[in-house]
Structures are given as structure tokens and as C-alpha cells.
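Chain by chain, the residues run as shown.
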Amino acid sequence: MAFSRLLTSRRLLSTLLHTPTPTPAARVTGAATATTPFAHNFPPARFFSATRRAGPGAPRQRAADIGARARQLQSRRLWTYALAFGCAAGFVVTVLATFQDQLVFYLTPTDALARFATDPSKTRCRLGGLVLEGSVAHPSSSSEIEFVVTDLITDVLVRYEGALPDLFREGHSVVVEGFLKPLTDDLRRDGAGRKVSDKAREGQCFLQGTEVLAKHDEKYMPKEVGEAIERNKKQIEADAAAAAAAAEETAVVAADGAKASS
């Protein structure tokens, strides 16, 4: 009986050892079916082979993406340069405009009147010329000193309050810094009876002086003012010579006419 039990146990053990283990079947859920609707249409082998076939195209797509990215970066860089250049140009223009407004130019009386007539807003200047002889006066209606600066062709009236330099003389060169202002009727009436300043009072503006710089003669004047005075001298001499020649010619014609009539 014991032998039969042992034989039965051996047969059972042999059966267990030679029986193959069943493989559990994979369960397909509804979510997997929903997310991969093409799983039944494409077998795994064909799917992976398609993936392998699509592999060589990937580098070309990445190259295209890199090119587009490079063009985008280049465009962005160009816009940055353009913006920086525009800001720098605007800053330079602003600085130059401000600096130009702060500049004080040397002007002759002729240039001063022309500048005031063109743009009355630019009033600050340095007026250079000769002090007209007999033009220095102390108006009774004001505590300022009045004189006329001339370049031998144009006269400009100057009003200045303060002490004049020791080298200030009539007929000598002078540089007056100040502001051009419209000539009012009161200023025109203040000079009544002084013919030496009548020409200056007929102008459109006068100079309200803030500083007077006087030198001995025109050799110490600004170069452009001195050159303008020299040109005016030559022009006056040429006009005088032409007037004298015309007068002489007129006298000769009159003498010839008198002889012919006699």
C-alpha cells in the first residue's frame, strides 16, 4: 500500500514537470483601443518597418528647422541693429541741436539784421564791428548806455547797462554779446535829435548787450568780422570811385553841351 502511494506521487510529480505552463493572454482595454485605432490595421512588424523607413527623412526636417531658426535670429539681429542705430542717431541729433542753440556766433551788423529777419527766435549772438563816432549817449529815460555798432554799411543800435571797458572808444573795434530784440517806438523816439543814430533806429532790431569786449583796433576783432569790414571798405571805395567817375563824365558832357550851344 505504501508502494502504491509512492508510485502515485511519482506519476503526479512527473505530470507536473512535463505539463507546459500556460501563457496569460494580454487583455485589451477600451482606453487602449481608443487611443490606438490603427493598431488592428497595421501589424507591429509593418509599423516598426514604416518607422525605420521614415527615419532618414528626420535629419532633413531638422535641417529645415535649423535654417528657419537661423533666419529668424538674423532678422531679429538686424532689427536690433536698426533700433540701436536709430536711437544713437536721434541722440546725436538732439545733442547737436542743443549744442547749436548754446553756440554764440560772431556776426556783423549786416548779418545780424539778416538773421533776425529770417529767424527772430535765434536772438543770442556776438556783434562785432566799429563803434560809430558820436553815437555814445546816456538816454534820459533809461539808466543804460547807448551806442551804435557799424560794419561801415549797416548800423545796429546797442543798449548796455553797466560799466564799459577802459579800452572802449568811439571809432575802435568792439564785440558785444547779447540778445537781438525788436526795436520799439519808444527806442526810436529816444534818439530824436541825434542824426548819428538815425540809420540804426530805422532797422528792425537792436542788441540788448550783456557783455562788452573792447580792443584797440580791428586787428583784434574776430576773423570773419574783420574780413567783412575790409570787404565793406573796398566796396565803399569802389562806389566812391564809380560816383566820382560818373560825376566827372556828367561834367564833361555838360561842358561839351555848353561849347556846342555857344
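Throughout this document, residue positions are counted from 1 along each chain, in the order its sequence is written. Local features are withheld for residues below a pLDDT of 70 in this predicted model, meaning they are given only at 70 or higher, and side-chain atom pairs are given and counted only at 80 or more; totals for whole chains, interfaces and linings count all residues. Here the side-chain values reflect all heavy atoms present in the structure, with hydrogen atoms and water set aside.

**Side note on the overall build of the protein chain**
Piece 1. Helix and strand counts for the protein chain come out as 8 helices and 6 strands.
Piece 2. The secondary structure listing takes helices from DSSP runs of H or I that are at least 4 residues long and strands from runs of E that are at least 2 residues long, numbered from the N terminus. Seen in sequence order, the protein chain has helices and strands lined up from the N terminus as α-α-α-α-β-α-β-β-β-β-α-α-β-α.
Piece 3. Under the scheme applied here, a residue whose accessible area is under 20% of the maximum for its type counts as buried, over 50% as exposed, and between as partly exposed, the area being computed with a 1.4 Å probe on protein chains only. A total of 262 residues make up the protein chain; the buried ones form 23% of that total.
Piece 4. Residue contacts are defined here by distance: any two heavy atoms, one from each residue, within 4.5 Å place the two residues in contact. Of the contacts made within the protein chain by residues no fewer than 6 positions apart, 63% connect residues no fewer than 24 positions apart.
Piece 5. Accessible surface is estimated by sampling points in the Shrake-Rupley manner with a 1.4 Å probe; for residues, cover comes only from the protein chains shown. About 18700 Å² of surface is accessible on the protein chain, with carbon and sulfur atoms providing 61% of the total.

**Description of the packing of aromatic side chains**
Piece 1. The criterion for an aromatic pair is that two Phe, Tyr or Trp rings (for Trp, the six-membered ring) have centres within 6.5 Å, with stacked assigned to planes under 30 degrees apart, edge-to-face to planes over 60 apart and tilted to the rest. Per the counting criterion, the structure on display carries 1 aromatic pair.
Piece 2. When the ring of F147 is compared with that of F168, the centres are 5.0 Å apart and the planes differ by 65°; the resulting orientation is edge-to-face. Of this pair, F147 sits in strand β3 (residues 145–150) while F168 sits in the loop between β4 (155–160) and β5 (173–182), placing them 21 residues apart in sequence. By the burial criterion, F147 is buried, and F168 matches it.

**A few points about helix α8 (residues 223–261)**
What sets the pattern is the α-helix's 3.6 residues per turn: residues three or four places apart point alike.
Piece 1. Here the expected span of a helix is defined as 1.5 Å times the quantity of residues minus one. With 39 residues, α8 extends 57 Å between its outermost C-alpha atoms, agreeing within 8% with the 57 Å of an ideal straight helix rising 1.5 Å per residue.
Piece 2. Those residues of α8 that sit buried are V225, G226, A228, I229 and N232.
Piece 3. The elements touched by buried residues of α8 are β1 (106–107) and β2 (124–131).

**Comments concerning the nonpolar core**
Piece 1. For the purposes of this section, nonpolar cores are sets of buried Ala, Val, Leu, Ile, Met, Phe, Trp, Tyr and Cys residues that join through side-chain atoms within 4.5 Å. Of all hydrophobic cores here, the largest spans 20 residues; its most connected members are F147 and L207.
Piece 2. At the level of secondary structure, the elements contributing two or more residues to this core comprise α5 (109–118), β2, β3, β4, β5 and β6 (205–214).
Piece 3. With 4 residues, the single largest contributor to this core is β6.
Piece 4. Leaving out residues up to four positions away in the same chain, F147 has contacts with V131, S135, V136, V156, L157, V158, Y160, L164, F168 and V176.
Piece 5. V148, L157, L183 and F206 belong to the second largest nonpolar core, which has 6 residues in total.

**Notes on the pairing of β4**
Piece 1. Summarising burial for β4: 6 of the 6 residues are buried, a large majority.
Piece 2. Of the two faces of β4, both are covered, the one formed by D155, L157 and R159 as well as the one formed by V156, V158 and Y160.
Piece 3. For two strands to pair, DSSP has to find at least two bridges joining them. Between β3 and β4, which pair antiparallel and follow one another directly, the connecting turn spans 4 residues, one of which, L152, has a positive phi of 80°.
Piece 4. Looking at chain direction, β4 and β6 are connected through 3 bridges and run parallel. Bridge assignment links V158 to a residue of β6, and that residue is L207.

**A word on a nonpolar patch on the surface**
Piece 1. Taken together, F91, V92, V95 and L96 make up a surface patch of nonpolar side chains, about 390 Å² in accessible area.
Piece 2. One can find F91 in helix α4 (residues 57–102). By definition, no residue in a patch forms a salt bridge, and every one has over 30% relative accessible area; like charges are joined within 9 Å, nonpolar side chains (Val, Leu, Ile, Met, Phe, Trp, Tyr) within 5 Å. Salt-bridge detection follows one rule: a side-chain nitrogen of Lys or Arg within 4 Å of a carboxyl oxygen of Asp or Glu.

**Points about unusual backbone geometry**
Piece 1. Its identity is not glycine, yet L152 carries a phi of approximately 80°, on the positive side.
Piece 2. Within the secondary structure, L152 is located in the loop between β3 and β4.
Piece 3. Accessibility expressed as a relative area gives 32% for L152, which makes it partly exposed.

**Description of the pairing of β2**
Piece 1. When you tally the buried positions in β2, you get 6 out of 8 residues, the bulk of the element.
Piece 2. Pairing between β1 and β2: 2 bridges, direction parallel. Looking at the pairing, Y106 lines up with R126 of β2.
Piece 3. Assignment of crossover handedness uses the view with strands pointing away from the viewer, where a clockwise path from the first strand over the helix to the second indicates a right-handed crossover. With α5 bridging β1 and the parallel β2, this β-α-β connection has right-handed handedness.
Piece 4. Note that β2 and β3 share 2 bridges and pair antiparallel. Its bridge partner being in β3, V131 is matched across the sheet by V149.

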